[in-house]
Amino acid sequence: MSYPGQAGFPPPAAPYAPGTPQGGGGKSKGLIVGLAAGAVTLTLLCCGGGLAYVAFNGDEEDPKPVASGSATPGPDGSPSATPSADGPESPGPDGPTNNDAITARYASEMSAVCDGGPILNAAPYTAPAGSKAYVFSNSPDRPTFWSQKTVSSAKPYYAKSADFATVSVIGCLKMVEGSEGTPKKCQYKNSEDKVVTVDYISSRYTLTFHAAKTAEKVGDGGTVNAPAARCPSFISYNKVTMKSYASPDSGTIEAALDRFLK
């Protein structure tokens, strides 16, 4: 008796590929099918490269699938996706319902509230009295960039950066469009020891208070001036426009916090 691989045993027949035309007339069609398959493979590789780029350039873990399924024959015999029992459950009543909600890791990330993003790990807001608060101001040059404003550590609503999870109120200072005053010409020496003239600009801001955990507005703080009557000792300016915008007045900010959080 002969076994596969031994002398005298006939070689196995080449596997038949379904859908491949038989005979000499199918060569051109087979070539077209092969080119189409190659194009699909190239597309998948390109997509894979795009996913790898996102994964390697982000700080988060690789994205997890939101649903999974298994291929089972459909009514016409073609595969169809069926839900897997291992898929994620829908969020319960306590789960986040706002797609912009985040879990803050640093005090600076609490500024997401000013863009409508709730902070999941913030302290719940119940009443103004006894609340801890942060205040952020946007930049006229970059309206979506927020910088934290300092308040006196003697204030009852003051919270250290490490204690950001105890904060329940976020104050948002947004510059009033078109409120810029006449620029004040201020001269400084730059890093190359050359004298430069900077336009120091005053403006006005509106202050609103929001619940950190929900991003809902809970109060108004009125208008806060950003005066530019005197050139500051140190200045940060845009090297292209040679402009610098004055910061909102700290004393007015604290007065507004005192009124709201009393």
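A. Summary view of unusual backbone geometry. Phi angles above zero are rare outside glycine, and D193 is one such case at about 65°. Looking at the element boundaries, D193 is found in the loop between β6 (184-189) and β7 (195-201). One non-glycine residue, M242, lies in the positive phi region at around 60°. With respect to the helices and strands, M242 occurs in the loop between β9 (217-226) and β10 (243-245).

B. A look at the sheet that holds strand β8 (residues 203-211). Judged by pairing direction, the sheet is mixed, and its five strands sit side by side in the order β4-β3-β5-β8-β9 without closing on themselves. Because the sheet does not close on itself, it has two edges, and the strands there are β4 (146-149) and β9. If you compare each strand with its neighbour and ignore which way they point, the axes differ by 25° on average. Its contacts with the sheet place helix α2 (residues 250-260) against β3 (132-138), β4, β5 (167-175), β8 and β9, and it is angled at close to 155° to β9.

About the criteria used
Residues numbered from 1 in each chain as written. Predicted model: local features only at pLDDT ≥ 70, side-chain atom pairs only at ≥ 80, totals over all residues. Heavy atoms only, no water. Helix = DSSP H or I, 4+ residues; strand = E, 2+ residues; numbered from the N terminus. Pairing = 2+ DSSP bridges. Axes fitted to C-alpha atoms, helices over the stretch in contact; angles between N-to-C directions. Contact = heavy atoms within 4.5 Å.

Coordinates in, geometry out; function isn't part of it.
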